[in-house]
Structure formats: structure tokens, C-alpha cells
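Single-letter residue listing:
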Amino acid sequence: MLKDLVFSNESYFDQILCHFRYLLTLFLLSGYHKNAHHSRMGEIGTIESPGFPNSHYPPNVYVEWQLRADPAHRIRLEFTVLHLEKDCNNDFIKIYDSLVPTEKQVICGYYTPNEQLIYLSSGNVMLVTLVTNREKNFPGFRATYSQVPVKSQECGGKLTGLNGTFTSPGFPSRYPPQIQCIWDIEVPAGKHVKVNFNKFSLHDPKQNSHHCTKDYLEINNNRMCGEKSTNTVHSSRTNQIMVKFYSDMSYVDQGFLAEFKAFEPNDPCPGKFQCDNDVCINPKLKCDGYDDCGDMSDEKNCVCEAFHVKCRNGFCKPKFWHCDGVNDCGDNTDEENCGHCKAGEVACRNGRCVPEYKKCDGHNDCGDGTDESESVVLSCSEYTYKCKNNMCISKQNPQCDGEQDCEDGSDEADCDCGTRPYISSRIVGGEESSEGEWPWQVSLHMKGQGHVCGASVISNLWLVTAAHCVQDTEKFMYSQPDQWEAYLGLHTQGKTSTLTVQKSVKQIISHPEYDPKTYDNDIALMELDSPVNFNQNIWPICLPAATHEFPAGQVVWITGWGATREGGSLASVLQKAEVRIINNTVCSQLMNDEVTPHMICAGVLAGEVDACQGDSGGPMSSVDPNSGRLFLAGVVSWGDGCGRKNRPGVYTRVTKYRSWIREGSGV
Ligand code: ARG
């Protein structure tokens, strides 16, 4: 909670520092240009980066465009081309909802022209600035501006009838800042009403999607923000529903597209389960151990099955989460009688138990700080994170989470990884990914054979793959670097674009203790023959520290061009699938005791979703819930068939190889 507050309010000092940097930037710039335009009714003007489209934008410039409209009009700015350096610290556009640099929207990177990128001002002015630095210049941007009248009522109001649609103002343009709308929806008496969101994107980088204090939508007193999957449904138990939309001064997003419908009260969620918060979900998700409703109501009053742990609070959780160190029940039932802590005790990360009342009493009772703070400086152990200066902290997964935890800042160094720069937005049972969604994914081709294995980009020179991909067979010399070609930034096999880079391999380092019988230590490093330039489809994934935790039950993503079913053929478009981490003890039981501590399992025990032949060597990517960055949790290694029931996929546990990777590659 406190964390969020600190995060959302830039301190005064930061602001001064920021302003100072801004002035310094201006001072160092070689070009400073100011433009002013007044938009006229019915006219469309164009602004573009210097040199566009004949040359890339120049280095070290500051250009600003002041856009004005007639009173009672908004400026509408539409980007038709946007192709800047990805790193917003280097080259960026800022859009201000005023004529002076105050509240702003920062954009950079690349956007695909089939998406709309339109901004609306709240008043009749807008300021657009472009800042570029010395290195790496890109084609630039072109945008059109025009003025649109502010209607007396642009949003909100009374909606009646049996059904209808409504959207955030300006949709699919980005909604303007500083706007509030209230829709009063009423369907004929006797019926109830539900609202279905076909699109919902109210993302603000300064807001956590659980505490919607900035832009939000409120429905039945539930606030929602962030990104929601299509077909998020809310219903009311009367014939009325009130929907409120609010946008603050800063960041804007595309908004939402909603549909309301009247329904007969005796069947509020036809064919679905109705949650207490009126969300309708697939009935199969009830009592599956996961909070699908968002308010846990689908997990209450469940009759637990044999494969469940019965929590005291009434929830049923999969047995394989028992004693995995994560409080899945919420009341700790699943972590009791694990040979350590009893009811009313707190489990410390170091395995000790301390009485609940000692939590936050100012005394480090656990000895590792778990009971007192998220980040206490401690003596080092396997439960602590080691900073570069050899000090240790107890916070879980502090690496690149946006907060400096180590005194020397080393937990936040080398964090240019694990983001998907340009998204402005084989696998069994998966779906096609979008271009640039997994920019660390590599396709390894064997000369004369095409795609054989996957790999992950960890720096501009090094890839991580599976050792079993680089072992010689009677027919092929897989261990020889000159037999391989690495395709980076590839989306569809056989279809390279300007963003695809093909590289030869200079060196392969297979783990010296790789055991081909057991697949233990199934990891290898590949060095490219020359450094690759990162682009929107090529970007490294973060390597987790040795002590990074990927708890059982956590969602992870697997990607690859492998077979889409057991015994099937390779996929041509990169596939992705969502699976969950499975506790090692349970996994080993399911897999004939063949899972070593160097492996990590993930899958869907019901079957149908898994990695398969051809996915090997590829990443199992895990989104860190604090920073949103992706970490390489595993490398696709082995399985029993593909997508079989109770046969999860087995992956190389990358945390076990953090220092080996550093020794081999320097990364
Ligand atoms: N060993 C396989 C390969 O070479 C990958 C197997 C992964 N299998 C699974 N069911 N998860 O591509």
C-alpha cells in the first residue's frame, strides 16, 4: 500500500531533478526548434519529425509544436507513422495537455499502423515535443492534427431500451485527460441488466490495477482499471446500473467499448456462473482453486475433492500446492503441518516459525526479517538476495522491481531487459502470439534442416538454449557452431522482415554436467558471431537471480514453433500458451520421480496445454508481478508426450544456473 503511494507521487526533489535534467538536455542540444500551428475548422494539418520521410531524425534536437484550436474545440492528434528508438530515456515524444510542459504523456518506440494512435486534448491546446539524443536515430514520425468540437455531452447520460453500446469518449482514439462521464442505464422494469466489455484498456504506468486511483471505470461500486480480457461481464440485480468513467490529468489510454443487455432475472448468467460481484464466468472455473471472479466467490462453499486441500475458510486448493511455501488458502491452512509451522504462526522464509503476534513488533524474530520488513539487511543465506557489494537483503525478488533495495543500487542495475518495447500495445493448446510480443524468442535452424529448437536472447551476443539441442547424433553434428543459424525477431517461419536478424553462431557452451539419460542440467549457451542490434522484435529477457522465487501456482508463458499436438507438425507462426508453475514434489510424483532440483515443472494438469517437440531450448517467461518485467524462469526441456493429463512439461530451472551463465558469457 505504502509502496503505491510513494510510487504515484514523484517527490519534490525528483521534480526538481527532472527539471534540471530537462534544462541540461536543452543546453546540450544541437537543434532547438519551435513551431506554432492554429487548427481551423475542417482543415487537417501535418507535423512530422525533421527530415521525415527522407531521412532519419537528427541527433540532439528538441522540437516543439504548439497546437491551438478554436475555443470549445479539442485538438485531435493522429499518428500515422511512429518509429522512434525504443528507450524512452533516449528519444521520445511528449504530449502535453497544455502549452507548457506540465502533465504529460510520453511515447516512444514503434507502433504498427493497423492500430490507431490518436490523442485528444481536454482543452483547446496541445503541446508536442520531440527530444532525441546523440545515438541511434530512427525514421521518426508523422501525425495529423485537426480540431473537433467539444459536444455539450460527449459521454455519459441516460441509456434505455433492451440493449445498446457505449464507449469512453473518442473511442477508439485515446480518451482525453480530465474527463468524467456517468451513464445511467435502465432497462424495462422486471428485467436485470448486464454490461459486457469488448475492449477495456485503462492502463496507467503509475497505477497498480488493484488500486484504481487514477483513471478508472466504476460499475456497481467496483472500480476497474488496467487491461481486462474481452468479455468481462458485470450484471446488476435490478433494472438499473450506473457506470462512471474518470480520467485524471496524466496518462491516457484507448479506453473501453461496452455493450449493455437486458436479461430475465431468473437467468442472470445464461450458461455461466454468477460471482458475488456479478461477473459471469465459465462454470468449469468454479472450485478449481483459482480466483477467477476476482472476489474469490467462485472458490467459496466448494465441496473439496480428493485432490484438494480443504482450507479452513472453505476454499479448496489443489493438493499440489500443499506446503509449497505459498499461502494459497489465504488463512495459511495449506502451509500448516508441513513439518514446521502450526496454526497461529508465521512461516519465515528461512523455514523458521514465529508466533503471529510477533509480526511487525519491531523485532526480527525470524532472523531473516520476514516478520518485520520487506527488505532488511541481513546475513546472506539461500533465502536472501546478494547485492554486488556482498550485502544481502531479505526482500523477495527485488531485482529490477523499480525500487532500490541494495545500498549500492545493484538490484536495479542491468535492467534493460524483459520488457516488450514496441508493443503499444510449439505449443500444444496455445494460440498465435502477436509480433514483438516475445522479442527474446529465437528460432535455431540447423543448416539443411530448418527450425530445430528455440532459444532466448539474454544479451546482444548471447543466447540460452537447452543442452539436448546441441548434442551430436549419428547423423548430425549439433554441437558444431557452424551448423547453426539463429533467427532473431522472427514471427512466422520462412517470412523474414526488416526486423528479423539472422546470425551465425561462434561458440556453443553446453553444460558440462548435462546428463542425456536424465536431462539433468539441460542448458547451453550460444554466442553469436557478432552483436545484434536490438529492435522492436529483438530484446533480451531478464535472468533471474539465484534466489528469485517462482512459486507454485504462478502463471508463466511458454512460446515456440514446436508441434501443436503430440506427433504433429511444427507451427509456422510463433505460438504462446499460459501455464502454471507446479510444485516440484508433486511434479516428481507425477513424473516417476524423474524431476531433479535443477528442473521446474509447469503445465495444466487437466492436459491439452504444453510445450512439445521443437519448443525445446525456448523460454518459459514469467511476468514479475511487481515490475511487469519478464524473467526467464525455465528452458523447455522434456515431457512425457505432449499435453497429456497429469503430465506437466519439465523445464530447466534457470535460477540454478545464474552463476554458470555469468561465468560462461559474462551476462
Ligand atoms: N524435448 C522436446 C524438444 O526437443 C521438448 C519437449 C517438451 N515436452 C513437453 N511435453 N513439455 O523439443
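Position numbers for residues count from 1 along each chain, tracking the sequence in the order it is written. Reporting of local features is limited, given that this is a predicted model, to residues whose pLDDT is at least 70; pairs of side-chain atoms are given and counted only at 80 or more, and all residues count toward the totals for whole chains, interfaces and linings. Excluding hydrogens and water, the side-chain values take into account all heavy atoms of the structure.

Asks: What exactly am I supposed to notice about the UniProt feature "active site" (unreviewed entry) in the chain here?
Replies: Here the UniProt feature "active site" (unreviewed entry) sits at His 468, Asp 522 and Ser 616. These annotated residues cover 149 residues of sequence, and their C-alpha atoms all fall within 9.9 Å of one another, placing them together at a single site. Lining the second largest pocket, out of the annotated residues just given, are His 468 and Ser 616. To qualify as a helix, a DSSP run of H or I must reach at least 4 residues; to qualify as a strand, a run of E must reach at least 2; elements of each kind are numbered from the N terminus. Secondary-structure assignment places His 468 in the loop between strand S33 (462–465) and strand S34 (484–488). Should any heavy atoms of two residues lie within 4.5 Å, those residues are counted as being in contact. For His 468, the contacting residues outside a window of four places in its chain are Tyr 514, Tyr 519, Asp 522, Ser 616, Val 636 and Ser 637. Here Asp 522 shows up in the loop between strand S35 (501–510) and strand S36 (524–528). Relative accessibility decides the category of a residue: with a 1.4 Å probe and only protein chains considered, values under 20% of the type maximum give buried, values over 50% give exposed, and everything between is partly exposed. With relative accessibility at 1%, the residue Asp 522 sits in the buried group. When neighbours within four sequence positions are excluded, Asp 522 is seen to be in contact with Thr 465, Ala 466, Ala 467, His 468, Tyr 514, Val 635, Ser 637 and Thr 652. UniProt positions are given in the numbering used here, feature names are shortened, and annotations may be inferred rather than shown by experiment. As defined here, a cavity is a set of points on a 1 Å grid over the protein atoms alone where a 1.4 Å probe fits but cannot get out. A pocket is an open set with protein on both sides within 12 Å along at least five of seven lines, and residues line them when an atom is within 4 Å of a point.

Asks: It is not clear to me how the sheet that holds strand S14 (residues 216–219) should be interpreted in this structure. Could you clarify?
Replies: Pairing between sheet strands relies on hydrogen bonds along the backbone, with the strands arranged either parallel or antiparallel. Two strands qualify as a pair provided that DSSP identifies no fewer than 2 bridges between them. The five strands are arranged S10-S12-S18-S14-S15 in an open sheet whose pairing can be described as mixed. Looking along the sheet, the strands with just one partner apiece sit at the ends: strand S10 (157–160) and strand S15 (222–224). Taking the axes of each pair of neighbouring strands and ignoring which way they run, one obtains an average angle of 20 degrees across the sheet. Bridge analysis of S10 against strand S12 (residues 179–186) gives four bridges, and the strand direction is parallel. Opposite Lys 158, over in S12, you have Asp 184 as the bridge partner. Axis lines are fitted to C-alpha atoms, over the contacting stretch for helices. Their N-to-C directions set the angle, which ranges from 0 to 180 degrees.

Asks: Explain the site of the ligand here, please?
Replies: Residues are labelled near a given molecule or strand when at least one of their non-hydrogen atoms is within 4 Å of it. Within the structure, the ligand sits among 15 residues, and His 468, Asp 610, Gly 614, Ser 616 and Gly 641 are positioned closest to it. Polar contact is defined as a pair of N or O atoms within 3.5 Å, subject to the rule that within protein one atom must be able to donate a hydrogen and the other to accept it, and that residues adjacent in sequence are counted only when both atoms are side-chain atoms. Between a nitrogen atom of the ligand and a main-chain N or O atom of Ala 611, the distance comes to 3.2 Å. Interatomic distance of 2.4 Å between a side-chain N/O atom of Ser 616 and an oxygen atom of the ligand. Here the ligand, which alone exposes 350 Å², has 92% of that area covered by the protein. Judged by the proximity of its atoms to the pocket grid, the ligand belongs to the second largest pocket. Accessible surface is estimated by sampling points in the Shrake-Rupley manner with a 1.4 Å probe; for residues, cover comes only from the protein chains shown. In this scheme, a molecule is assigned to a cavity or pocket if more than half of its atoms are within 2 Å of the grid points.

Asks: Please explain the state of the cysteines as it appears in this structure.
Replies: Each disulfide is one covalent bond, formed between the sulfur atoms of two cysteines. In what follows, a disulfide is any cysteine sulfur pair within 2.5 Å. Taken as a whole, this structure holds 10 disulfides when the rule is applied. The side chain of Cys 387 participates in a disulfide bridge whose partner is Cys 406; the two sulfur atoms lie 2.0 Å from each other. Its S-S torsion of approximately -80 degrees makes the covalent link between Cys 387 and Cys 406 left-handed. Taken as a pair, Cys 387 in the loop between strand S27 (385–386) and strand S28 (392–393) and Cys 406 in the loop between S28 and strand S29 (427–428) lie far apart in primary sequence, 19 residues in all. Under the relative-accessibility criterion, Cys 406 is labelled buried at 1%. Disulfide pairing is shown between Cys 417 and Cys 542; the S-S distance is 2.1 Å. The sign of the S-S torsion, about 95 degrees, decides the handedness of the disulfide formed by Cys 417 and Cys 542: right-handed. Both residues of the pair, Cys 417 and Cys 542, belong to the buried class.

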